[in-house]
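Understanding the architecture of this molecule
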Amino acid sequence: MSNKEKNLTLVLKALTFAAEKHRHQRQDDAAASPYINHPIALVNLLIEVGVTDSKVISAALLHDTLEDTDTTYAELKIHFGKKISDIVWEVTDDKSLTDAERRRIQIAHAKTASKHAKLVKLADKTCNLRDIIKTPPVGWDIKRQRDYFDWAQEVIDALRGVHKKLEKAFDKAYALRP
Ligand code: ZN
């Protein structure tokens, strides 16, 4: 197998794994879209701005599996190796903490995150803002939407200087703040 083929196989393996793990989940928009559409949206955005590293793309596909499914770090490591698992780990929130603590910690972590984790975080926040603009989550009033936008900006401001085009995409989404 050529390197290109190996990379593509890795990405498809990550997509299959994530689709399986999120199979019972829906997004919280009115259409209740399949959850996997969210990680796929991250990949679309990353490729659009020129990020094609298969490890980053795979980590983007897997980025919510630790936080939102029964997947463990050990399981990820067996299937995808340490590098990808570490990126996913870096962008995972500790769900045992309160919302306020999680928000504070995300901002602190953004500063010291690896470059690859920063790319995934940027794509995640940009896609979340785009989703809120397009189809706000059910039950989110304007205040909650604005609050999310402002917190997302705080997180992104803490990690800037990693990828111009991706940061621009985030700023463009933020400019549409409700
Ligand atoms: Zn996400």
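Look above for the structure.
The sections below set out a description of the structure shown in this document. (Residues numbered from 1 in each chain as written. Predicted model: local features only at pLDDT ≥ 70, side-chain atom pairs only at ≥ 80, totals over all residues. Heavy atoms only, no water.)

1. Observations concerning the coordination of the zinc ion
Heads up, the condition is: Nitrogen, oxygen and sulfur within 2.8 Å of a metal are treated as its donors, or within 3.2 Å for sodium, potassium and calcium (Na, K, Ca); water is not counted, so a site can appear incomplete. In these descriptions, tetrahedral denotes four donors with every angle between 85 and 135 degrees, square planar four donors and octahedral six donors with opposite donors over 155 degrees apart and the rest between 65 and 115, and irregular any other case. For the purposes of this entry, the term helix denotes a DSSP run of H or I that reaches at least four residues, the term strand denotes a run of E that reaches at least two, and both are numbered from the N terminus. Each residue is placed in one exposure class: buried if its accessible area under a 1.4 Å probe, protein chains only, is under 20% of its type's maximum, exposed if it is over 50%, and partly exposed if it falls in between.
At this site the zinc ion is bound by His38 (NE2), His63 (NE2), Asp64 (OD) and Asp124 (OD), with donor distances of 2.1 to 2.6 Å. Taken together, the 4 donor atoms coordinating the zinc ion and their angles of 81 to 174 degrees define a geometry best described as irregular. Of note, the zinc ion draws all its donor residues from one chain, in the sequence arrangement H-x24-H-D-x59-D. Residue Asp64 is located in the loop between helix 3 (54-62) and helix 4 (65-68), and its partner Asp124 is located in helix 7 (residues 115-134); the two are separated by 60 residues in the primary sequence. For the pair formed by Asp64 and Asp124, the shared burial category is buried.

2. Focus on helix 9 (residues 164-174)
The cut-off we apply is this: Each C-beta atom gives one direction from the helix axis, and the arc is the one those directions make. It only takes one pair of heavy atoms within 4.5 Å for two residues to be counted as in contact.
Those residues of helix 9 that fall on the buried side of the exposure criterion are Leu166, Glu167, Ala169, Phe170, Ala173 and Tyr174. Angularly, the buried residues of helix 9 cover 155 degrees about the axis, an arc narrow enough to put them on a single face. Structural note: helix 9 exposes Lys164, Lys165, Lys168 and Lys172 on the side pointing more than 90 degrees away from its buried face. Residues of helix 9 that are buried make contact with helix 2 (37-48), helix 7 and helix 8 (142-157).

3. As for the packing of aromatic side chains
Under the convention used in this document: Between 30 and 60 degrees the pair is tilted, below 30 it is stacked and above 60 it is edge-to-face, where a pair is any two Phe, Tyr or Trp rings, Trp via its six-membered ring, whose centres lie within 6.5 Å.
In this structure the tally under the stated criterion is 6 aromatic pairs. With 5.3 Å between their ring centres and 85 degrees between their planes, Phe17 and Phe80 make a pair best called edge-to-face. Taken together, the residues Phe17 in helix 1 (residues 3-21) and Phe80 in helix 5 (residues 73-90) connect sequence positions 63 residues apart. Overall, Phe17 belongs to the buried group, its relative accessible area being 12%. Looking at Phe80, the relative accessible area reads 7%, which means it is buried. With a centroid separation of 5.5 Å and 80 degrees between ring planes, the pair formed by Tyr148 and Trp151 is classed as edge-to-face. Of this pair, Tyr148 and Trp151 both sit in helix 8, 3 residues apart, which is roughly one turn of that helix. Among the aromatic residues, those joined into a ring-pair cluster are Trp140, Tyr148 and Trp151.

4. Notes on the nonpolar core
Basically, it comes down to this: By nonpolar core is meant a set of buried Ala, Val, Leu, Ile, Met, Phe, Trp, Tyr and Cys residues that side-chain atoms within 4.5 Å join together.
One finds Leu46, Leu62, Val120 and Leu129 to be the most contacted residues of the largest nonpolar core, which totals 50 residues. Within the residue set of this core, elements represented by two or more residues are helix 1, helix 2, helix 3, helix 5, helix 6 (99-112), helix 7, helix 8 and helix 9. Considering each element in turn, this core owes the most residues, 8 residues, to helix 7. With residues near it in sequence (within four places) discarded, Leu46 still touches Val51, Val56, Ile57, Ala60, Leu119, Ala123 and Leu166.

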